[in-house]
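# Observations on the model geometry
Given next are the chains, with one letter for each unit.
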Amino acid sequence: MGETIVTLQTEQQIGGITDALRTTIALGLPVLKGFLFALKGDRIERLGGYEKITLYDLSREYLEGTRDCGICFEYAVHDALSSRHLKIYPLVSTVIEDFCGLRSGAQSILFGAEKSGKWSLINTAQDLINEDSRVLSGGIGQPPKLLRLWNTLTRALNVEAAREELPPSINGLWKSDLFLGSPVDQRWVGATLKINKEQFVGSPGLRIGLYPALRHTDRPFLDASTNLVMCPLPYDGGFMEAFYASFFAVKAFLQSDAKTPSPVAVPYAHDRYFCQQLEARRGHSVLEVIRVMHPMGQPGLVAEGAVGTADREVSAVAPLPAIIG
């Protein structure tokens, strides 16, 4: 399972969305910084250091294969469970008790962050699972031992042949973003997370589906079409959608050689205006552009943080939406 080897740049929502353009700027600028700090050290040195890299330089480097920043909604949920947030922890604990028979509270193992196959975000599993830990699938028979499956599950993220090594009762378990359960009872279930609840696809190994609630009246239920226990969370889904839009606008801008992408690639006026402002500054330092444009963003929307190693290299940018309701 290894040690922590990445830094996660977090953007924690602390205010509500009030203006589409200023929201795009407020969320897009941290994405730009995430792309910059994801560059490999030798490329940073060749270009003269972070302060010297222009938007044009960044577009060239990105096109040459720099790692994308990951969008980690799963980290937001994991963090809420780990900190026992009053709006999330009791809700998920009740769901796994009522639907899965796990009665000792909802602990979280962050598994989905390893889907790149190259890094592990936070070593949550080492302290929570042992040789007696088992994963429940809802089927009949003795639940498989999770620790013995761990290496196979990790390989299955990227190697299709490894997926065939898993027992049929837990087929698709490698799609889990989190394992939810109890280190007291040592029973765990695979959970998958989606921003859009219509995107869930069931698998025998998955038991829980987590998504931002659409209405305050949404309640957990068993979805017969996917056989997933659907658990709506009181997160600001509008913030998540805005972050996705900003992320893809920045990505399209870089892929367009630091120029405003076509209307097909970036169809919304506020996203295109943001790209136009970046294009007007394409010859300037990325960090200077971020500093200059920062006041243009919606004030008080996000607070920046970091999780992981102390160095500057960033492997993922994670939006942490406000918990509402």
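Residues numbered from 1 in each chain as written. Predicted model: local features only at pLDDT ≥ 70, side-chain atom pairs only at ≥ 80, totals over all residues. Heavy atoms only, no water.

### Focus: the overall build of the chain
Put simply, the test is: Each helix is a run of H or I in the DSSP string that is no shorter than four residues. Each strand is a run of E no shorter than two, and both are numbered from the N terminus. To sort residues, take the accessible area from a 1.4 Å probe on protein chains only and compare it with the maximum for the residue type: under 20% means buried, over 50% means exposed, and anything in between is partly exposed. Method for areas: the Shrake-Rupley scheme with a 1.4 Å probe, in which residue coverage is limited to the protein chains shown.
Within the chain, the regular secondary structure consists of 11 helices and 11 strands. Counting the 325 residues in the chain, one finds 52% classified as buried. Split by element, the accessible area of the chain, about 14600 Å² in all, is 50% carbon and sulfur.

### Looking at the pattern of salt bridges
Counted only if it meets this: One side-chain nitrogen of Lys or Arg within 4 Å of one carboxyl oxygen of Asp or Glu is enough to make a salt bridge.
Taken as a whole, this structure holds nine salt bridges when the rule is applied. Across the pair K33 and E304 runs a salt bridge, and its minimum N-O distance is 2.2 Å. Linking K33 in helix 1 (residues 20-37) with E304 in strand 10 (residues 302-308), this pair joins segments that are 271 residues apart in sequence. In this structure, the salt-bridge partner of D218 is R215, at a minimum N-O distance of 3.2 Å. When salt bridges with common partners are traced through the structure, they connect R43, R46 and E61 into a single cluster.

### Structural notes on the environment of F99
Filter applied, for reference: Contact between two residues is taken to exist if any of their heavy atoms lie within 4.5 Å; hydrogens are not considered.
Note that F99 resides in helix 5 (residues 89-100). Here the alpha-carbon distance between F99 and P220, two residues 121 residues apart in the chain, equals 9.6 Å. Among residues more than four places away in sequence, those in contact with F99 are R207, P220, F221, L222 and V229.

### Looking at the nonpolar core
So the rule is basically this: Nine residue types can take part in a nonpolar core, namely buried Ala, Val, Leu, Ile, Met, Phe, Trp, Tyr and Cys, and a core is a set of them joined through side-chain atoms within 4.5 Å.
In terms of nonpolar packing, the biggest core is built from 69 residues, with L32, V77, V92, L180, I208 and L210 touching the most fellow members. Excluding residues that lie within four positions of it along the chain, L32 makes contacts with L55, L58, V250, L254, L278 and I290. Counting 18 residues, the second largest nonpolar core, distinct from the first, contains L149, W150, L173 and W174.

### Topic: the side chain of R272
Condition: Counting rule for charge: Lys and Arg are taken as positive, Asp and Glu as negative, and neither His nor the chain ends is counted.
Looking at the secondary structure, you find R272 in helix 10 (residues 269-279). In this structure, R272 is buried with no salt-bridge partner, the nearest side chain bearing the opposite charge being E279 at 7.7 Å.

### Observations regarding unusual backbone geometry
In this model, Q186 sits at a positive phi of 55 degrees, which is unusual for a non-glycine residue. Mapped onto the elements of the fold, Q186 is located in the loop between strand 5 (178-182) and strand 6 (187-193). Residue classification places Q186 among the buried residues on the basis of a relative accessible area of 7%. Positioned with a positive phi, N227 is a non-glycine residue whose angle comes to about 60 degrees. Inspection of the secondary structure puts N227 in the loop between strand 8 (221-223) and strand 9 (228-233).

### Remarks on the pairing of strand 9
Basically, it comes down to this: Only strands joined by at least two bridges in the DSSP assignment are considered to pair.
Burial of strand 9 is extensive: six of the six residues sit out of reach of the surface. Direction of pairing for strand 8 relative to strand 9: antiparallel, over a ladder of three bridges. Bridge assignment links L222 to a residue of strand 9, and that residue is V229. Connecting strand 8 to the antiparallel partner strand 9 that follows it, the hairpin turn spans four residues, and N227 within it adopts a positive phi of roughly 60 degrees.

### Quick look at the side chain of T23
When you line up the elements, T23 lands in helix 1. When sequence neighbours within four positions are dropped, the list of residues in contact with T23 reads I17, T18, A242, S246, Q298 and L301.

### Digging into the packing of helix 1 against helix 11 (residues 286-293)
Heads up, the condition is: Helix axes use the C-alpha atoms of the stretch in contact, all axes being lines fitted to C-alpha atoms, and the angles between their N-to-C directions lie in the range 0 to 180 degrees. An angle counts as roughly parallel when it lies under 35 degrees, as roughly antiparallel when it exceeds 145, as roughly perpendicular when it falls between 65 and 115, and as oblique in every other case. By definition, any crossing whose near helix is turned counterclockwise from its far helix by less than a right angle is left-handed, and any crossing with a clockwise turn is right-handed.
Put simply, helix 1 and helix 11 touch, their axes get as near as 10 Å, and they point 165 degrees apart. Comparing their axes, helix 11 and helix 1 come out roughly antiparallel. Our pair here, helix 1 against helix 11, has a crossing hand that is left-handed. Where helix 1 abuts helix 11, its residues I25, L29, L32, K33, L36 and F37 lie against V286, L287, I290 and M293.

### Observations regarding the packing of aromatic side chains
Let me state the cut-off plainly: Each pair of aromatic rings taken from Phe, Tyr and Trp, with Trp reduced to its six-membered ring, is defined by centres within 6.5 Å and is described as stacked if the planes are under 30 degrees apart, edge-to-face if over 60, and tilted in the remaining cases.
Under the criterion given, the structure shown has nine aromatic pairs. Taking the centre distance of 4.7 Å and the plane angle of 85 degrees together, the rings of F37 and Y50 count as edge-to-face. Residue F37 is located in helix 1, and its partner Y50 is located in the loop between helix 2 (41-46) and helix 3 (55-63); the two are separated by 13 residues in the primary sequence. Each of the two residues, F37 as well as Y50, counts as buried. When the centroid spacing of 6.2 Å and the interplanar angle of 20 degrees are considered together, the rings of Y244 and F248 count as stacked. Taken together, the residues span about one helical turn, with Y244 and F248 both in helix 9 (residues 237-255) at a distance of four residues. Since its relative accessible area comes to 25%, Y244 is described here as partly exposed. F248 sits in the partly exposed class, given a relative accessible area of 45%. Pairwise contacts between aromatic rings join F35, Y62, Y244, F247 and F248 into one cluster.

Interpretation in functional terms is not warranted from these geometric data alone.
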